[in-house]
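What the coordinates show
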Amino acid sequence: MARQTTSLRTYALTRLVLVIPMVLILLTLVFFLMRVAPGDPVSAALGGRLSPQALAERRHAAGYDKPILVQYVNYLGDVARGDFGHTITDNRPVTEVIVENGAATFELTTAAMMVAVVVGIVLGLIAGRLRDTPVDVGIRLFGIVIYAVPPFFLGFLAQLFFGQKLGWLPTSGRASPETQFLLSIHTHFFLIDSLIDGDWAAFKDCFLHLILPATTLGLIISGVLIRLVRVNVLQTLKGDYIEAARARGLGERSVVVRHAFKNALVPVVTVLGLQVALLLSGAVLTETTFNWPGIGFELVRYLNNRDYIAVQGIITFFALVVVVVSVLIDFVNAWIDPRVRY
Amino acid sequence: MRPKLTGARRFVAVAATIALAAACGGGSGSDNGGGSSGGTANLSDATIIMGTTDTAVHFDPGDAYDLHSWNVIYNVYDELMTIPPGGNQPVPSLAQSCAWDDPKTYTCHLRKGVKFSNGSPLTSEDVAYSFQRSIEINGDQGVCSLFSSLADCGKWTGNEISTPDDLTVTFNLRQPDATWPFILTTGGAAIVPSDLYPETKLQPDDQVVGSGRYKLVKYQPGVQAVLERNDNYWGEPAKNARVLIQYYKDSPALKLAIQGGDVDIAFRNLTPTDIDSLKTASGVNIVEGQGIEIRYLVFNTKLDPGKDKAVRRAIAYTIDRQSIVDNVYNGTVQPLYSMIPAGLIGHTDAYKDEYGAAPNPDAAKQELAGMTTPIPIEMWWTPSHYGDGSADEYTEIKRQLDGSGLFKVTLKSEEWDQYTVDKAKDAFPSFQLGWFPDYPDADDYSAYFYPDGGFWNGHYDNPAIDKAISEEKATTDQQKRVDAFAKIQKLAAADAPTVPVWQGKQIAAVRDGVTGVEETFDPAYIFRFWLINKS
């Protein structure tokens, strides 16, 4: 046991150390990819509007006339200090964009992940248990189709049906305009802020606004989980210990629910972490479809305005989030499975 | 896209028109009353929610030069002069009176007791400061170019404005400028508190303070802006207590919002299809008003084929405006037969007089007699600045021109930021442009279009037109200005350096029970939130 603990500690430390080159490679890629296009962010955004002299002054103030390696080192230093610069479009600190709009994205992706887990795991378990039945076929078909459907298309359908035709649910925004105005902001998470205020009407309004976008994004992720859980259930049910349990006279329900299902879910943890990248990219499309003011929504807005400073800052943040989540997932895997070691 | 003024000489004698308007003591609008706070008879606690797909750039008039930013500025700040609802001439607003001392000196006397929404008094020092900082900031949006008669952008000398006392402001113009009273009505001329706004940089958008009917109490870019009634306002207060401006990414989201009742008003930019659909939606009414934004086709007269007048005229004979209006825009715009839109004093249908209301293929063929046809034309448009209809509009223009057998059009497009750079570098033989007015006067559609090749750098040069522009600027005689504008339009139509295509209407979708939107739709393009109420 002590040997296992030391080994886990070594693994964790090694994994942490490996984060450094991973982050460096990511930041370098982001930096140079943003500079593949001719010109620089200031010229791209303002070149049509400023005189050559004014443009040169702005480029100098932003440091874009310095040698590329100097710019790169400055960029790394800024990121280390948490300074992602100021947007050209509206002169906001990119950090402020990340905090304010990041909370909206986190709220959406958390809710979407919950939907994905519930729908994906439940349907995957059922499909695995009822292998080769019409139920299994139907669930597998659903998983493939839902994963293939573009998020914006599914979102439009949801808006048209639940919003326009039935009038059950709101179709855009995080809350109604009045709620958005009246809600006191404590954490930037509207559900939590409304609970802090004890404002149940606001909580209900925010919750209703969350349903369609979270369900849209969550269903798409669930497609991956359905297939994964099903395959794991089938493999687990073939295991020797399952046969042994049956041979000992345990009821089928007990065998399946208490033994097989639990073991089938272990690899799902890894996959869930890997879905973070998919969630973030899906959030861009979902937020745009539902007018959800998250980071993805802002990213599209800044892209349209050719505000490459903002775009670079947001993409850097996305990359760092994916790195952090993948490291956490690796820790959890190593903790669950002693075979995961360096 | 706004030009820098170059070479336009502006001369004004006594401004009879302006003096007449000033003598009316505030103009025709009841909301520009004589200086005391208005009564509360029509006040309500209503909150008006307006949805829009427009985005703001800045709420600091020091560098705001787009329609939506100005719409908020008109409601949060005050200007010395204003265009009253339904009017098209400037009348005093923050100023009690304004008049020319001589052709280059314009003096305004401020109202007494005016305060900013934070309670600090508004004096002549604030007026002078507002113009000075706009020139010194010399921002990216280029609004300081509006004040070129006062000073060049970035070059304030200190002699431009005199403030002999707290209530008197004298503008010492560099040259006579008949349109100066109009310029004082624009959003760029809004007055800011000198003790709060920094001199050489912009005030944060969520901390703006003005003396207008509203105060901006909340702003989240891309999400929401909230205006609340300013109880310190000197004049007739706003009819509603609060305005929530909700920003939407695109027109489908905005359409769903107005249908579902999430917003009371949907204004800019519903597509023609959305508008058609909303006409039959329950609880929604479509309100239309006169608009003077225009769209037109420009020829670079240094490049083939636009350098040949016969080709330009043949295209003018061939374009079917009514087809574009009906098939692309579903009647939400109207055909335009002049670069000066209908609704402005001096407008004539010069292109209709010259080329007819409908296409004339025989006349087009005659223009091109002796030339090898079809003539290849490279035509550029931009998808990201003039609305969703641009693609269909230029596809339709191509269809019309190709269908005549006389032309072979190749369509190309670029995003707006690159488009503005390339059109100025003579990269486009012919291209799409549009124009929103700074102020509702025909001069705004002439002085920027023709002298020195126009702001779009089309290289068209017509000394007779330049002379007519000088004539209309040199007089306050209405008939002489009308005659000069008629001459400008006739000459321009004959040469066709541009082909006007359509003129927009102002259109909003409004929920039942909401009133006042129709009152604010006029050529001034000031969306007056203060007129709107709901039951």
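These notes cover the structure that comes with them. (Residues numbered from 1 in each chain as written. Chains lettered and ligands numbered in written order. Predicted model: local features only at pLDDT ≥ 70, side-chain atom pairs only at ≥ 80, totals over all residues.)

1. Side note on the sheet that holds strand β5 (residues 105-110) of chain B
Residues and elements named next belong to chain B. Spatial strand order, β4-β5-β7-β6: four strands in an open sheet with antiparallel pairing. Taken across any chain shown, the strands that pair with only one partner, and hence form the sheet edges, are β4 (95-102) and β6 (161-165). Averaged over all neighbouring strand pairs, the angle between strand axes comes to 20°, with direction disregarded. Where β4 and β5 come together, six bridges link them in antiparallel fashion. From the neighbouring strand, A95 faces β5, where its bridge partner is L110. (Pairing = 2+ DSSP bridges. Helix = DSSP H or I, 4+ residues; strand = E, 2+ residues; numbered from the N terminus. Axes fitted to C-alpha atoms, helices over the stretch in contact; angles between N-to-C directions.)

2. Quick word on the environment of A:L191
All names here are of chain A. With respect to the secondary-structure elements, L191 resides in helix α9 (residues 190-197). Between the alpha carbons of L191 and R174 there is a distance of 9.8 Å; along the sequence they are 17 residues apart. Setting aside its immediate chain neighbours within four residues, L191 contacts E107, F203, C206 and F207. (Contact = placed C-beta atoms within 7 Å.)

3. A closer look at the packing of helix α8 (residues 321-328) of chain B against helix α11 (residues 389-403) of chain B
All names here are of chain B. Running from amino to carboxyl end, α8 crosses α11 at an angle of 140°, the nearest separation of the two axes being 10 Å. Comparing their axes, α11 and α8 come out oblique. In this structure, the crossing between α8 and α11 has a hand that is right-handed. In contact with S323, I324, N327 and V328 of α8, α11 contributes G389, D392, E393, E396 and Q400. Considered class by class, the residues forming the contact of α8 with α11 number two nonpolar, four polar and three charged. (Parallel < 35°, antiparallel > 145°, perpendicular 65-115°, else oblique. Left-handed = near helix turned anticlockwise from the far one by under 90°. Nonpolar A, V, L, I, M, F, W, Y, C, P; charged D, E, K, R; others polar.)

4. Quick word on helix α11 (residues 240-247) of chain A
Counting buried positions over the eight residues of α11(A) gives zero, only a small fraction of the element. A positive phi of about 95° marks A:G249, the residue just after α11(A). (Buried ≥ 20, exposed ≤ 12 C-beta atoms within 10 Å, placed from the backbone.)

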